[in-house]
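What the coordinates show
Chain by chain, the residues run as shown.
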Amino acid sequence: MTEYDAIVIGGGVIGSSLTFYLSKLRKKVLLVEKTDLCSGSAGATDGYITPHTKKPGYHLEMALKSCELYETLAEDLESDINLELGLHCGGIQACEDEMQWELISRNAAELSKSGLELYMLDIEDARKIEPELSPRLRGALFSPIASSVNPMRLTQAYVDAAKKFGAKVLLHTEVQGLLFEGERVSGVSTPNGSFSSEYTVNCGGSWGGVIAKMAGLDLPIIPKRGQIIVSEPVAPMLNTVMQSGIYPIIKYKPELIQDERIFRLGLAFGIEQTKDGTLLIGGTRELAGFDRGNTFEAIEAVLKTVSRYIPAILHLNFIRCFSGLRPHTPDGLPILGKVKSVPGFVMCCGHEGDGIALAPITGKLVAEDLVYGEPSFPILPCATERFLTNREMGGG
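Residues numbered from 1 in each chain as written. Predicted model: local features only at pLDDT ≥ 70, side-chain atom pairs only at ≥ 80, totals over all residues. Heavy atoms only, no water.

1. Some details on the overall build of the chain
- In terms of regular secondary structure, the chain is built from 10 helices and 18 strands.
- Each of the three principal axes of the chain carries a C-alpha extent, and together these read 65 × 50 × 40 Å.
- Counting across all 396 residues of the chain, residues that qualify as buried make up 57%.
- Partitioning the intrachain contacts of the chain with sequence separation of at least 6 by distance along the chain shows that 74% fall at a separation of at least 24.
- Within the structure as shown, the chain displays about 16200 Å² of accessible surface, and the carbon and sulfur contribution to it stands at 51%.
- Charge-centre separation for the chain: the mean point of 38 positive side chains lies 2 Å from the mean point of 48 negative side chains. (Helix = DSSP H or I, 4+ residues; strand = E, 2+ residues; numbered from the N terminus. Buried < 20%, exposed > 50% of the residue type's maximum accessible area, 1.4 Å probe, protein only. Contact = heavy atoms within 4.5 Å. Areas by Shrake-Rupley, 256 points an atom, 1.4 Å probe, with all protein chains shown as cover. Lys, Arg positive; Asp, Glu negative; His and termini not counted. Charge placed at Lys NZ, Arg CZ, Asp CG, Glu CD.)

2. Brief notes about the nonpolar core
- L18, L22, M62, L77 and C348 are the most contacted members of the largest nonpolar core, which has 47 residues in total.
- Those elements that place two or more of their residues in this core are strand 1 (2-9), helix 1 (13-24), strand 2 (29-32), helix 2 (58-77), helix 5 (151-164), strand 11 (193-202), strand 18 (345-349) and helix 10 (355-372).
- In this structure L18 touches V8, V201, C203, C348, G363, V366 and A367, once residues within four positions along its chain are discounted.
- With 29 residues, the next largest nonpolar core counts V234, M242, I271 and V306 among its residues. (Core = buried A, V, L, I, M, F, W, Y, C linked by side-chain atoms within 4.5 Å.)

3. As for the packing of helix 2 against helix 10
- Contact geometry for helix 2 and helix 10: axes closest at 8 Å, N-to-C directions at 90°. Relative to helix 10, the element helix 2 is oriented roughly perpendicular. Residue-level inspection shows H59, M62, A63, K65, S66, L69, Y70 and L73 of helix 2 in contact with helix 10, the latter providing I356, A357, L358, A359, P360, I361, T362, K364 and L365.
- Classifying every residue of the contact of helix 2 with helix 10 gives 12 nonpolar, three polar and two charged. (Axes fitted to C-alpha atoms, helices over the stretch in contact; angles between N-to-C directions. Parallel < 35°, antiparallel > 145°, perpendicular 65-115°, else oblique. Nonpolar A, V, L, I, M, F, W, Y, C, P; charged D, E, K, R; others polar.)

4. So, the side chain of H52
- Positionally, H52 belongs in the loop between strand 3 (48-49) and helix 2.
- Given the relative accessible area of 1%, H52 is considered buried.
- Excluding residues within four positions of it along the chain, H52 makes contact with G91, I92, Q93, N107, L111, L116, L118, L141, S143, A146 and Q243.

5. With respect to the sheet that holds strand 5 (residues 119-122)
- Taking strand neighbours across the sheet as the criterion, the eight strands line up as 5-6-4-13-14-15-12-16 in an open arrangement whose pairing is mixed. One side of each edge strand has no neighbouring strand; the edge strands of this open sheet are strand 5 and strand 16 (318-328). Strand-to-strand twist across the sheet, computed as the mean angle between neighbouring axes with direction ignored, equals 25°.
- Here strand 12 (residues 222-231) runs beside strand 16; their pairing, made up of 10 bridges, is antiparallel. Residue pairing for strand 16: I228 is matched across the bridge by F322.
- Where helix 3 (residues 98-112) meets the sheet, it contacts strand 4 (91-95), strand 5 and strand 6 (139-143), and its direction lies at approximately 155° from that of strand 5.
- Sitting on the sheet, helix 9 (residues 296-309) is in contact with strand 4, strand 12, strand 13 (241-244), strand 14 (270-273), strand 15 (279-282) and strand 16, with an inclination near 60° to strand 12. (Pairing = 2+ DSSP bridges.)

6. Considering the packing of aromatic side chains
- Enumeration according to the criterion identifies eight aromatic pairs in this entry.
- Among the aromatic side chains, those forming a connected cluster through ring pairs are F20, Y21, Y158 and F165.
- One cation-aromatic arrangement involves R138 over W101; the distance from NZ or CZ to the ring centre is 4.1 Å. (Phe/Tyr/Trp six-rings, centres within 6.5 Å; stacked < 30°, edge-to-face > 60°. Lys NZ or Arg CZ within 6 Å of the ring centre and 35° of its normal.)

7. Some details on the pairing of strand 10 (residues 184-190)
- Taken across its seven residues, strand 10 has six buried, putting it largely inside the fold.
- The pairing of strand 9 (residues 177-181) with strand 10 spans five bridges and is classified as antiparallel. Residue pairing across strands places L178 opposite V188, the latter belonging to strand 10.
- In this structure, the hairpin formed by strand 9 and strand 10 is closed by a connection of two residues, where G182 is found at a positive phi of approximately 70°.

8. Quick notes on helix 10
- Taking 1.5 Å per residue, 18 residues should reach 26 Å; helix 10 reaches 24 Å between its end C-alpha atoms and fits that length.
- Roughly 35° is the biggest bend found in helix 10, and it falls at I361.
- With 15 of its 18 residues buried, helix 10 lies for the most part within the structure.
- Positive phi appears at G373, one or two residues downstream of helix 10, with a value of about 90°. (Expected span 1.5 Å × (residues − 1). Bend = angle between axes of the 7 residues up to and from the residue.)

9. Concerning the pairing of strand 12
- Burial analysis of strand 12 places nine of its 10 residues in the buried class, which makes it a mostly covered element.
- Where strand 12 lies against strand 15, three bridges are found, and the strand directions are antiparallel. Bridging across to strand 15, I228 finds its partner in G282.

10. As for the environment of Q93
- Position of Q93 relative to the elements: it lies in strand 4.
- The class for Q93 is buried, based on a relative accessible area of 1%.
- Measuring from C-alpha to C-alpha, the distance between Q93 and V339 comes to 37 Å, with 246 residues separating the pair along the chain.
- Setting aside anything within four residues of it in sequence, one finds Q93 in contact with H52, T53, I104, G139, A140, L141, Q243, Y247 and P248.

By themselves, these are just geometric observations and shouldn't be taken as functional.
Here's what the structure looks like:
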């Protein structure tokens, strides 16, 4: 049986990042993916790197650390792949009414306490940055450091760089179960054989709860469907990555939503223009299990919403739709680090819509935790134990 220092389950952006950072620290790593790279959330998402959409406090601090890593990431990976990294392209949260304006303003004041540069702009000044915004809007929050990246290119670049350090990658290989030596997880079994390791890391994204059950853990990782619409390539329309003002309300304070359909669909929107000119418009946060189908109701609702903010989209052709799943946790933070009650088993998933933004810092910190025993930035707020019962933690 082949032995590794670590086996990473899941070939999304989080698993690929961790594989890179562990390999860079000279660990022998095996990445196992049941289908192909980016077959989950990373292949069905936008590429926002937006610290201003994070919760004030720890969540924001973690995002800012990740932004720092993005500054030199292309050089660190030494990849021939163009990441389509738009550093400091800026981010907008457009407010349609006074309620959104007041909530976004209060949130911006809290976020600014961590040193994040933010501006609340009236609609006239906001339209100087994004001329296509409707003049009927109340205004917008502007974040100059917000950035963007191509998630699929990023994931592939992480894997390519990890391979240069000796990492092995098994695609189209499903983990059928975990291996145990007593109470310790000692590896994985697959159709292509069994592999042993000191650490087995769950980077399963929306399927992270399924993998956790193999270790006897019942973790609240719930998939939330996000539907995305793609336009035909058009001349430059947008200068920033943009969300509606209801976006953080849907994400963090859904109890404030009174419209039943908005609440049920998790209806907000985000929009960006890719390097080839297409517009990517999302999205929803729907409790639909693992169903990744598109629905006419959601697509129509998203486009009608966006048209109130950016009327010019009414003149565009839209060529396709797709959906992805976000791995939601109750407190909005990922689940990271060693599981004390299950030696050898490590959690590294549950990022919901923050996987792209937090991928560099997540991979770096979990790698440091496994190699050095202590990461350079604390991950205790993301510990698995916050969701475990007394029995799962080894108690009576």
